Amino acid sequence: LELTQEEQFQARIDADERIEPKDWMPEAYRKTLIRQISQHAHSELVGMLPEGNWITRAPSLKRKAILLAKVQDEAGHGLYLYSAAETLGASRDQMLADLHSGKAKYSSIFNYPTLSWADIGCVGWLVDGAAILNQVPLCRTSYGPYARAMVRVCKEESFHQRQGFEIMQTLCEGAPEQKAMAQEAFNRWWWPTLMMFGPKDAESPNTERSMQWRIKRFTNDELRQKFVDMMVPQAEFLGLTVPDKDLHWNEDKKAYDFGEVDWDEFWQVVKGNGLCNHDRLQARVQAHEDGAWVREAALAHAKKRTEKAIS
Ligand code: FAQ
C-alpha cells in the first residue's frame, strides 16, 4: 500500500519525529507555523513595552537591573522566533511590515496598561506564568526549529516568573498600602491573563488541526484550566483574593470551576480596540524608524567589506 506524501508526513508526526526546514510539509502546515511563530515573535517585541515603561521608575537599583535584563531577554526571544519563522521561508522584513501596518496579530495581553509597580509583579507572575504553561509543551512541538527555540526561552521565562512572584510576595508582606496595590493590580490582570490562552475550544478555528499536527500539544481550554489550578493556590499563599465570584473547587473533577471570560472584550482587543493597541503599535513603528540609520550603516559597512575582500 502506497502512502501519499501527506500520509507519510502525518505518520512522521504520529511517531513524534521532528519536522526540519528542508523536509516536505503540507503548505497549510507551513502557513500555520509562520502564523503562530510570527505572532509569538511580535508578542515578545510588543511585550517589552508594558515593562519598559517601568525601567526608569523601578523602586531600587536592584529591581531596575533585573527588569532591564528581563526586557532584554524578551528582545532575544523575539529574535530566536523570527529566525525560526525565517526557516519556513518567511521574510523578516515582511513580518515586521505586517506588524507595523496592524495586519499581524500579537498577544492581547500587551494592550493593557501597567499603572503601578505591582503591575510589573503581575506581568511576571501571571503573564509569564501563562506564557510558560503554553510554552513548555511547545518544547515538544513538531517543528524542530520552533521546539529548540522554546527550550532556551522557557529557561529564561521561569526566571521571569519567579521575579514577578517575588515582587508580589514583597508587596503582600509589606505595608497595608502595598498589599492593597498588589490586590488592585491582580484584579486588573487576572481576566486578561486568562484570555492569553485564546478563544474557547469550540470557537477556536485552528486548534483541531494544530493538535493533529502536534504544533499544539494542549487545547486552549486545557491550558486555561491548568493555569487556574496552578494560580489559585499561589494567590492564596500571597493572601490575595481571585476576582471571580464563580471560582470554587470541584471535588469531582479535582480542579477549579471558574467564571466566564468576557469574550467581547477579548475580541475587541484582538481587533485593535484595546486600551493601548494604538500606543503599542505607534511605539514599535517609531522604534523601527529611529533604528533606520543603524540598518543603513550596517549595510554600508557590509558592502564596503565585501568590496574590499573582492579587490
Ligand atoms: N491575543 O484558533 P485559535 C509572551 C487569535 S507570551 C491575540 O485558538 P491558535 C512572553 C489567533 O491568533 C504571549 N490573538 O488560534 C512574554 C487566531 O487568529 P488568526 C505569546 C489571539 O493559534 C511574557 C484567532 O485568535 N505567546 O509573549 C489570542 O490555534 C511577558 C483564533 O484563535 C504565544 O504566542 C490572544 N491572546 O491558538 C513577553 C504562544 N488568542 O491567526 C513579555 C504561541 C488567540 O487565525 C512579557 N501561540 N488569538 O488570525 C499559541 O500557542 C497559539 O497561537 C494561541 C492561539 C494559543 C495563542
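For the structure itself, consult the block above.
Residues numbered from 1 in each chain as written. Predicted model: local features only at pLDDT ≥ 70, side-chain atom pairs only at ≥ 80, totals over all residues. Heavy atoms only, no water.

**Side note on the pattern of salt bridges**
Quick reminder of the rule: Salt bridge criterion: a side-chain nitrogen from Lys or Arg within 4 Å of a carboxyl oxygen from Asp or Glu. Strands here mean DSSP runs of E at least two residues long; helices mean DSSP runs of H or I at least four residues long; both are numbered from the N terminus. Classification of residues uses two cut-offs on accessible area relative to the type maximum, computed with a 1.4 Å probe and protein chains only: under 20% is buried, over 50% is exposed, and between them is partly exposed.
This structure, assessed with the given rule, holds 21 salt bridges. Measuring nitrogen to oxygen at the nearest pair gives 2.8 Å for the salt bridge that ties Lys-70 to Asp-128. Within this pair, whereas Lys-70 is found in helix α4 (residues 61–86), its partner Asp-128 is found in helix α6 (residues 117–138), the two being separated by 58 residues in sequence. As far as the burial class goes, Lys-70 and Asp-128 line up, both buried. Notably, a salt bridge pairs Asp-221 with Arg-224, separated by 2.7 Å at the nearest N-O pair. Of the two residues, Asp-221 and Arg-224 both sit in helix α10 (residues 220–238), three residues apart, roughly one turn of that helix. Residues participating in the shared-partner salt-bridge network are Glu-51, Lys-70, Glu-74 and Asp-128.

**Some remarks on the packing of aromatic side chains**
Put simply, the rule reads: What counts as a ring pair is set by centres within 6.5 Å for rings of Phe, Tyr and Trp (its six-membered ring), and what kind of pair is set by the plane angle: stacked under 30 degrees, edge-to-face over 60, tilted for all other angles.
Under the definition given, this model contains 14 aromatic pairs. Between Phe-9 and Tyr-29, the aromatic rings sit 4.9 Å apart at their centres with planes inclined by 75°, giving edge-to-face as the arrangement. Pair noted here: Phe-9 is in helix α1 (residues 5–14) and Tyr-29 is in helix α2 (residues 27–46), with a separation of 20 residues, a long-range link. The exposure class of Phe-9 is buried, given its relative accessible area of 3%. Since its relative accessible area comes to 0%, Tyr-29 is described here as buried.

**Some words on the site of the ligand**
We apply this condition: A single heavy atom is enough: if one lies within 4 Å of a molecule or strand, its residue is considered near that molecule or strand. Polar contacts, as used here, are pairs of N or O atoms within 3.5 Å; protein pairs need one atom able to donate a hydrogen and one able to accept it. Residues neighboring in sequence count only if both atoms are side-chain atoms. Using a 1.4 Å probe, the Shrake-Rupley method yields the accessible areas, and only the shown protein chains count as cover for residues. In this count, Pro and Cys sit with the nonpolar residues alongside Ala, Val, Leu, Ile, Met, Phe, Trp and Tyr, while Asp, Glu, Lys and Arg are called charged and the others, Gly among them, polar.
Inspection of the region around the ligand gives 36 residues, with Gln-39, Lys-105, Ser-204, Lys-216 and Asn-220 positioned closest. Between the ligand and the protein, one listed contact pairs a nitrogen atom with a side-chain N or O atom of Gln-36 at 3.5 Å. Within the backbone of Met-196, one N or O atom sits 3.4 Å away from a nitrogen atom of the ligand. Its free accessible area being 1,100 Å², the ligand has 91% of it covered by the protein chains. Every element with two or more residues in the shell around the ligand is listed here: α2, α4, α6, α7 (144–172) and α11 (263–273). For the shell around the ligand, the leading source of residues is α2, giving six residues. Looking at side-chain class alone, the shell around the ligand contains 14 nonpolar, 13 polar and nine charged residues.

**So, unusual backbone geometry**
Positive phi is not limited to glycine here, since Asp-16 has a value of about 65°. Tracing the backbone through its elements, the reader meets Asp-16 in the loop between α1 and α2. At Lys-254, a residue that is not glycine, the phi angle is positive and equals roughly 50°. Of note, Lys-254 is situated in the loop between β1 (248–250) and β2 (255–257).

**Some thoughts on the nonpolar core**
The nonpolar side chains of a soluble globular protein tend to be buried, and buried together. We apply this condition: For the purposes of this section, nonpolar cores are sets of buried Ala, Val, Leu, Ile, Met, Phe, Trp, Tyr and Cys residues that join through side-chain atoms within 4.5 Å. By definition, residues are in contact when any of their heavy atoms lie within 4.5 Å.
Membership of the largest hydrophobic core comes to 75 residues, with the highest contact counts inside it found for Tyr-29, Trp-125 and Trp-190. Top element by residues in this core is α6. It accounts for 11 residues. In this structure Trp-125 touches Gln-161, Gly-164, Phe-165, Met-168, Phe-186, Met-231, Gln-234, Ala-235, Leu-238 and Leu-240, once residues within four positions along its chain are discounted.

**Structural notes on the packing of α7 against helix α8 (residues 176–195)**
Quick note on the threshold: Angles shown run from 0 to 180 degrees and are taken between the N-to-C directions of axes, each axis being a line fitted to C-alpha atoms and, for helices, limited to the stretch in contact. Any angle between 65 and 115 degrees counts as roughly perpendicular, while under 35 counts as roughly parallel, over 145 as roughly antiparallel, and the rest as oblique.
Close contact between α7 and α8 brings their axes to 7 Å; oriented N to C, the two are set at 135°. Between α7 and α8, the interaxial angle falls into the category oblique. Residues Met-168, Leu-171 and Cys-172 of α7 lie in contact with α8, whose contacting residues are Gln-178, Lys-179, Met-181 and Ala-182. Partitioned by chemical class, the residues of the contact of α7 with α8 number five nonpolar, one polar and one charged.

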